[in-house]
Amino acid sequence: MSTHAATHDDVHHDDVPKGFVHRWLFATNHKDIGTMYLVLALVMFFIGGAMAMVIRAELFEPGLQLVQPYFFNELTTLHGLIMIFGAIMPAFVGLANWQIPLMIGAPDMALPRMNNLSFWILPFAFLLLLSTLFLPGGAAAGGWVMYPPLVLQSGESLAFTIFAIHLMGISSIMGSINIIATILNLRAPGVDLLKMPLFVWTWLITAFLLIAVMPVLAGAVTMLLTDKYFGTNFFNAAGGGDVLLYEHIFWFFGHPEVYVMILPAFGVISEVIPTFARKPIFGYKPMVYATASIAFLSFIVWAHHMFTVGLPVGAQLFFMYATMLISVPTGVKVFNWVATMWKGSMTFETPMLFAVAFVILFTVGGFSGLMLGLVPADYQYHNSYFVVAHFHYVLVTGAAFGIMTGVYYWLPKWTGHMYSERWGKIHFWLSVISVNVLFFPMHFLGLAGMPRRIPDYNVAFADWNMVSSIGGFVFGATQLIFVGNIIYSVYFAKSRAPARVWEGARGLEWEVPSPAPHHTYSTPPEIRPGMLAHGDVAH
Amino acid sequence: MSQQAGAYYVPHGSRWPIIAAVGLFIFMWGAAHWLDGIEPEGPLLLAAGAAILIFMFFGWFGEVARESMKGLYSDQVDLSFRMGMMWFIFSEVMFFGAFFGALFYSRGLQVPWLAGEGHGALTNLYLFRGYTGGWPTNGPDAIGGVFQTVPPWGEPLINTLILLSSSVTVTIAHHALRDGNRRRMLPWLVATPILGMLFVFLQAREYMDAYTHLNLTLHSGIYGATFFMLTGFHGLHVTLGSIMLWVIAYRAWRGHFSKEHHFAFEAVAWYWHFVDIVWLGLFLFVYII
Amino acid sequence: MTQPVIPLAQPTAFRRAVRALLALAGALLAVPALANPEHPSPWQLNLTRGDSGLSHDVWDLHMAVFYVCIGIGVVVYGAMVYALIRFRKSKGAKPAGFTHNTTLEVVWTVIPVLILIGLAYPATHLLVYENNTNGSQLTVKVTGIQWMWRYDYLSYLGQPVNRVGFLSKLAEDSNVARQADSGVSPWSVVSAHGVHDYLLDVTHPLVVPTHTKIQFLITAADVIHGFWVPALGWQADAIPGQIHDAWGKFDTPGTYRGQCAQLCGQDHAYMPIVIKAVPRAEFQQWLVDQENRSRMDAISRTAEVTGAPAAPQG
Ligand code: HEA
Ligand code: HEA
Ligand code: CUA
Ligand SMILES: [Cu+2]
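These numbers come from a predicted model, not from an experiment. (Residues numbered from 1 in each chain as written. Chains lettered and ligands numbered in written order. Predicted model: local features only at pLDDT ≥ 70, side-chain atom pairs only at ≥ 80, totals over all residues. Heavy atoms only, no water.)

## Examining the domain arrangement of chain B
Where we set the bar: For every domain, the bounds stem from an assignment made automatically or drawn from a database.
Along its sequence, chain B is organised into domain 1 (13–72) and domain 2 (75–288). A separation of 25 Å is found between the C-alpha centroids of domain 1 of chain B and domain 2 of chain B.

## What about the interface of chain A and chain B?
How we decide: It only takes one pair of heavy atoms within 4.5 Å for two residues to be counted as in contact. Here the quantity called buried area is the total loss of accessible area, with a 1.4 Å probe, experienced by two parts when brought into contact, counted for both. Any carboxyl oxygen of Asp or Glu within 4 Å of a side-chain nitrogen of Lys or Arg constitutes a salt bridge here.
In this assembly, 72 residues from chain A lie in contact with 70 residues from chain B. For the pair chain A and chain B, the summed buried surface comes to about 6000 Å²; carbon and sulfur atoms form 73% of the total. Counting across the chain A and chain B interface gives 2 salt bridges. Where A:R113 meets B:E67, a salt bridge forms, and the shortest distance between an N and an O atom there is 3.0 Å.

## Overview of the site of ligand 1
Applicable threshold: One heavy atom suffices: a residue is near a molecule or strand as soon as one of its heavy atoms comes within 4 Å of it. Distance and chemistry together define a polar contact, namely a pair of N or O atoms within 3.5 Å, with one atom able to donate a hydrogen and the other to accept it when in protein, and with adjacent residues in sequence counting only for side-chain atoms on both sides. We count a stretch as a helix when DSSP gives it H or I for four or more residues in a row; a strand needs E for two or more, and each element gets its number in order from the N terminus. Residues were grouped as follows: Ala, Val, Leu, Ile, Met, Phe, Trp, Tyr, Cys and Pro as nonpolar; Asp, Glu, Lys and Arg as charged; and all remaining residues, including Gly, as polar.
Near ligand 1 there are 31 residues, and of these A:W144, A:Y259, A:D378, A:H382 and A:H390 occur at the shortest range. Ligand 1 sits at the junction of chains A and C, each of which supplies nearby residues. A:W144 is positioned such that a nitrogen or oxygen atom in its side chain is 2.8 Å from an oxygen atom of ligand 1. In this structure, an oxygen atom belonging to ligand 1 sits 3.4 Å away from a main-chain N or O atom of A:L372. Secondary structure elements with two or more residues in the shell around ligand 1: α7 (243–277), α9 (313–341), α10 (350–373) and α12 (385–415) of chain A. Looking at the shell around ligand 1, its residues break down into 17 nonpolar, 12 polar and 2 charged.

## Some points on a nonpolar patch on the surface
Residue and element names in this part refer to chain B. The line we're drawing: Patch definition: residues with relative accessible area over 30% and no salt bridge; like charges joined within 9 Å; nonpolar side chains (Val, Leu, Ile, Met, Phe, Trp, Tyr) joined within 5 Å. Surface accessibility follows the Shrake-Rupley procedure with a 1.4 Å probe radius. Residue values consider only the protein chains on display as shielding.
Taken together, the side chains of F104, W153, L284, F285, I288 and I289 present a nonpolar region at the surface, about 570 Å² in accessible area. The element best represented in the nonpolar patch is helix α8 (residues 263–288), accounting for 3 residues. Note that L284 resides in helix α8.

## Some words on the coordination of the iron atom of ligand 2
All names here are of chain A. Put simply, the rule reads: Distances up to 2.8 Å from the metal define which N, O and S atoms are donors, and 3.2 Å serves for Na, K and Ca; water is absent from the atom set, so sites may look incomplete. When four donors show all angles between 85 and 135 degrees the site is tetrahedral, when four or six donors have opposite pairs over 155 degrees and all other angles between 65 and 115 it is square planar or octahedral respectively, and in every other case it is irregular. Each residue is assigned to one of three classes by its accessible area relative to the maximum for its type, calculated with a 1.4 Å probe on protein chains only: buried under 20%, partly exposed between the two thresholds, exposed over 50%.
Those donors, H79 (NE2) and H392 (NE2), are the protein atoms that reach the iron atom of ligand 2, and they lie 2.0 Å from it. Classification of the site at the iron atom of ligand 2 as octahedral follows from its 6 donor atoms and the range of 87 to 179 degrees in their angles at the metal. Placement of H79 in helix α3 (residues 69–104) and of H392 in helix α12 is noted, with a sequence separation of 313 residues between them. Here H79 matches H392 in class, with each residue buried.

Listed below in structure tokens is the structure:
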């Protein structure tokens, strides 16, 4: 793995391919592909967000104002699918593409051409998915979980939706294979596994999760396909099948999937907090083990999404205990972050602000997760807005804030310019206030008895819904600042960023200039003391 | 591609991935149209997508083969390829896992519940009274009508022997390759996909027999669903594996592989062993038990 | 039976805002008081305590885990906020270099485990209790259908009930008001008792006796539905091809409202559940009436069949 002939004189290394087609369509450069992933994710975030805005507008008051009930269900379904598969996951893959090679001293991803394929499948997959909006009978409207038999009632859209999911799956699997091969095979000499940055560690484990569960999702939706189009009876009790079979397979995928969306965020936060606390991460190894334990446990908790289906009591107990256990390694992470801040020397630039908000608000979502994990209580919470509140705290103020943290943190490295710190702070404060106005009242609504996935509701729910919608509009509009700031940093900013953008930043990515040259580390870097964020060469 | 051997190999831009993505998209798009009965667009698009994909495979793998023979790939690149293949096979294992899981769940839990065991007592009492379960079954409503199963000790047994021997032949070929013995390698290598095709042929006959004589169809309740989906996906993999083996055989004949460097050969051999092991699982859990 | 009604004119934004503040202020002190067990109330913050020992137990568990979260939150956020204030560079804080503290790490692994055990214990008990339908005195079969519910009374006090069953759909006034461009304000839909029952009222409520352990056999005819009446303390999915049994109880007569909780297609929002709990004597009378009526129906139906083809029975 270690010895390469030093052929640094290669003429090709620093020139960027000319022309749009060569640079982007034929891309093999991890930075370009990372950029494309991030741009796609941002576009998808806005498409999914626009759908959420329509949802919030319809829910602004009781009665039907904007959309018909069936279309509302289409919106909910597509919002979930697009945010998960289109916004959050590609954004993390984008961060991985940009950062992992930089952080481990690799010249590129291990399989660059496959990397290009993993990316380019995605826009087509979403084309396929969004095209269902225009089909006769509309898009799939069975929720992002696509439970049969309901989803089998959809019109022409089902086949399109399922093939879109197959494509996303293929893309994720290839992307993950690439990430694993890169991390295991391309580390510069001296970057041992237990000296890797935590972001790299979390992605290694995430990639493993993805390879393990995306094929299972593919299997589940394939069964839907054959049940609808080829007369099989997987999900039909009259033929000896079972609707719950689908739920089991889906959630065997689905639960690890939610950790796919949070582990890389944990990684980002574990990079950012030490930087701005100017103090090494507390408990590096426990962090790694905690991540691995979360990943392991995530395979044996899936039925906590199915507590109300009437499983045997023993099974419910097993899944309840396993679910509760996840709080322990997750708690270790939270405590380690706090301990990293402890006796540090903190400053609060935008990435740090987002990281702090992440720790607080993700934990709020984690607490409601713990509540949901207690079966008798979940009998009340299930399918109510309490669940919607839970998962938006972990997904929006968790995963999405994690991504924003990472983007602000590494943007100067990518563009070579600082973003606007002032607008970054405005973006942060508006976001963090409005997001709580948006999602916190959903706890109340759910507890009061408002089910999810409804376009209209009793007047008792009117007030909190209005509050939530107002928060939603503000939060949505605030994200325009985010985009503005990125555009500013890429095209307009004047101040040049130094190689080590942040005073307290440690790790290989800060050893290369900003912007990072098109090709970095065409020969493995020589690691000197103090260059690594964790551990040292000498050991 | 101006790098010298031994340097880290970063391939420069390639047009194949985007062609692959477009091909895949058109293929899936066509498939969806076809399933929804939109003809002739569906089949036409599907065929176009397939054509693009085939073109892409020749182009992409051709390029990789050429680069590999030029010695552009270092040991490190080789290891990346190996990891890639291994994790790909792992993902395939999980895909089959979903269907095996469906089989075990239906057979071990769901059908007994429908028949009133343990947790299913009330369901049986109120919804499916009189249903006694057992395996094979097409459920309380006997969907698809009375059917018979394929006896394991006929064609399936022969197929097991065929696949097992094909794993042996490919291993012999591999050893021959490592010994640098081309003349010994080629016949064993060619024998492997022939055995694979024989397997597929016999399976096709078995399916025809099931449909025409046993009344065992995709529609035969949960048994038919798990039987055909598991064996069907496996058969598909055997077919693909055979095609890959033919390509490898052709490349071996053209002298693409050296004693030391023959990753493509090994990857396909791994894949073939994987297909073989899945079959053993199928033979045991679908046919025998 | 029904509680005194607070008149709910369509409030102005300002009045709503004031109420929001009041509600928030009163929240922590009067959390349970805000929740009416029969139906949701405006600005409601917390789960209903429901109307039986079972639902009270559920509520207690909910509050227990809630307070545990608050407690952990106070500790974690407290430490964090302290750090955020105290260890700022602008305050001249110098970074320490420590990266481990084994004692601390063991402590914060073990204590959460103990807390979790403390929560799991009552949860396990309650779950086992909740899943035990033995000794039920009334058995009702509940079937979810797109988009209505069917209730069939199977047995009462050990005796089979003779053909009592009916469909229960969204009440007509709600159904009119819910249409887009109906011009009818949801606030104008009010029950005889003055409850704002928009989308929470049905044609035929499920009538049950109080102080009776009721067994629900829940299933569905087409897609998955969810049977959720918060006052019972639980919800149960209605799954085609499966009987899901659960039990519940009411101590106070009243009209308890809930909704379908599983996405079941376009009118998922429009299949409410209303359970009318009445004293046992009243229930007995009601049941006899229903049995008689269905006997009459059966006779007339036979007459119809012999005469002309019968209209399909709903
Ligand atoms: C990023 C995504 C993400 C994450 C990280 C989580 C994290 C958790 N989730 Fe969540 N969940 C979702 C996304 C996520 N979830 C989604 C999308 C759904 C809905 C799907 C759908 O139906 O559409 C869902 C639904 C869901 C349900 C089903 C609810 C229902 O439908 O009825 C349950 C039930 O157990 C649950 C539990 C948990 C638990 C226990 C955690 C734990 O991992 C949380 C652990 C964290 C903490 C507990 C906080 C920090 C810890 C400490 C400070 C230590 C001390 C703490 C204790 C000792 C308690 N989740
Ligand atoms: C994965 C991440 C993710 C993210 C980031 C979000 C983000 C948001 N989500 Fe959602 N959501 C899910 C995942 C996510 N969600 C899932 C999985 C479901 C379940 C689906 C199901 O039930 O099947 C769900 C369901 C869901 C519901 C419940 C729907 C229902 O049950 O019927 C609601 C309701 O309010 C909602 C709202 C929002 C809002 C307001 C945002 C906001 O954070 C979005 C903010 C972003 C923008 C708004 C960007 C766009 C900005 C513009 C277009 C500019 C113009 C805007 C203005 C001027 C206002 N989401
Ligand atoms: Cu029935 Cu939702
Ligand atoms: Cu989960």
